[in-house]
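# Descriptive analysis of the structure
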Amino acid sequence: MESMVDLILHKREGGAFTRAQIDTWVRGAAQGTVPDYQLAALLMAICLRGMTAEETRDLTLSMAESGRMADLSGVGGVCVDKHSTGGVGDTTTLVLAPLVAACGGKVAKMSGRGLGHTGGTIDKLESIPGLRTGLSMEQFVGQVARIGCAVTAQSGDLAPADKALYALRDVTGTVDSLPLIVSSIMSKKIAAGCGAIVLDVKTGSGAILHRLEDSVELARQMVEVGRLAGRPTSALVTGMDQPLGTHVGNALEVKEAIDVLAGRAGGRLLEVSLRLGAMMLTASGVFPAEAEARTALEAALADGRGLAKLREMIEAQGGDGRVCEDVSLLPRAARIVPVPSPADGYVVRMDTAALGMASQRLGAGRTRKEDAVDPAVGLVMAVELGQRVEAGAPLAYLHVGARGEEEAAALVRRAVGISPARAPVPPLVYAVVRPEGVERLA
């Protein structure tokens, strides 16, 4: 058997790994038998030398198989999962899961918590009084089979090798390696057991990758790995140069999802949700074409079936479904404070990551995984790119709890750029990526 030093040198010199070689060091990462310093050296060699599509597929599958593999065969039909690469005000899961289920789809979603400037679906759901996110695998599968959707916290025994490697990537300067990003995301999706995967790959100031071409390439590689692994995968590349929704924070984002499903809100959040939902329904075979699927989604919005399904999902997980009719039952902040515009002009720029950090400073997010969150706090944007604003008019409203008001207000003021001249507004959707290729929409 080759030693870890041999494997490190092999990749350092530009060699390609076999599946057996990958299995050796992935198993060592999962079991803790390979020292961190050797894994760190190997990660840096991969970051510098890259991986072929076949290596990336093999790494993804090896990581997926390093722990428990979820079995969703008892659900019936093709389960579909949606994954976002992370953004601000991105509440699509809370809109999509019930809406797709209301149209006959099966949505089995394992989600995570927020960290840094991005929110986490599990934190958002836990702001609903009584709702449980720690479902057992039996409860998870049973709920999807019964009502068509469930969202649960990711099981700790899924893809344990990824947990070990991700922790090292964060402190070794290897986060932005595309093969490592692809294998990290896709290994968890494959281990979660869904038969089809739809991805929302963000680009812009609030995304993990700021350059459009990098985001398109990430989407292309994930779609290709999904194809090679036998899991039909497609992706949207969407803009994160401003928050997707207007609400940023846990209970606030639940409120906005309810407002969208009730027909009281729309905009960018609704449009991306409809596009992703149409892809999910066609990927799972419920509809033959995305145009028909979108029509069905719009009908489920109009007649209230999407909102009714959200209530059903909340109550199935022990939550107070009355929030769907009365959002005042959600946690509310002690105070609401406007952040005034410093000047007249047009909104020409947003540092979306800074807006996410403003919400985090108020207590809506974490800097460390063990930090507690305040479900009530966050911010609601009062402006969007391209809008004219008067001096003194609110840029955003801070929902304030016990801390962070001054720092959050300063972050919002710095994040929103005001200019006398109007600037072009970036597109919402840049591309659709499928196994057959990339379709540029903007």
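Our subject in this report is the structure included herewith. (Residues numbered from 1 in each chain as written. Predicted model: local features only at pLDDT ≥ 70, side-chain atom pairs only at ≥ 80, totals over all residues. Heavy atoms only, no water.)

## Considerations on the overall build of the protein
The following threshold applies: Runs of E in the DSSP output that reach at least two residues are strands. Runs of H or I that reach at least four are helices, and both are numbered from the N terminus. In this treatment the radius of gyration is a C-alpha quantity, and the globule benchmark scales as 2.2 Å times the residue count to the 0.38 power. Only protein chains enter the accessibility calculation, which uses a 1.4 Å probe; a residue is then buried when its area is under 20% of its type maximum, exposed when over 50%, and partly exposed in between. Every residue pair with non-hydrogen atoms within 4.5 Å of one another is taken to be in contact.
Looking only at helices and strands, one finds 16 helices and 14 strands in the protein. Taking 442 residues into account, the globule formula puts the C-alpha radius of gyration at 22 Å, and the protein, at 22 Å, falls close to it. Structurally, the protein occupies a C-alpha span of about 70 × 45 × 40 Å along its principal axes. Among the 442 residues that make up the protein, the fraction classed as buried is 56%. Put simply, of all contacts in the protein between residues at least 6 apart along the chain, 77% involve residues at least 24 apart.

## So, the side chain of Thr-203
Rules: Distance and chemistry together define a polar contact, namely a pair of N or O atoms within 3.5 Å, with one atom able to donate a hydrogen and the other to accept it when in protein, and with adjacent residues in sequence counting only for side-chain atoms on both sides.
For Thr-203, the location among the structural elements is in strand β4 (residues 196-203). With a relative accessible area of 3%, Thr-203 lands in the buried category. Among the polar contacts listed, one links the side chain of Thr-203 to the side chain of Ser-215, at a separation of 3.0 Å. Not counting residues within four places of it along the chain, the set of residues in contact with Thr-203 comprises Leu-209, His-210, Arg-211, Leu-212, Ser-215, Val-237, Thr-238, Gly-239, Met-240, Asp-241 and Tyr-430.

## Concerning the environment of Ser-187
With respect to the helices and strands, Ser-187 occurs in helix α9 (residues 178-191). Each C-alpha atom, one on Ser-187 and one on Val-225, is 9.8 Å from the other, the two residues being 38 residues apart in sequence. In contact with Ser-187, not counting residues within four places along its chain, are Thr-60, Met-63, Ala-64, Ala-159, Asp-162 and Val-182. Here the side chain of Ser-187 touches Ser-184 through a polar contact of 3.2 Å, landing on its backbone oxygen.

## What to know about helix α8 (residues 160-172)
The condition is simple: Expected helix span is taken as 1.5 Å per residue step, with the number of steps being one fewer than the number of residues. This arc describes the spread of directions from the helix axis toward the C-beta atoms.
Along its 13 residues, α8 runs 19 Å from first to last C-alpha, staying within 8% of the 18 Å computed at 1.5 Å per residue. Turning to α8, its buried residues number three or more, namely Ala-161, Asp-162, Leu-165, Leu-168 and Arg-169. The buried side chains of α8 occupy one side of the element, clustering within an arc of 135° when seen end-on. Away from its buried face, by an angle of more than 90 degrees, α8 presents the exposed residues Asp-170 and Val-171. Where the residues of α8 are buried, they touch α2 (19-31), α3 (36-49), α4 (53-64) and α9. Among the residues trailing α8, Gly-173 stands out with phi positive, at a value near 70°.

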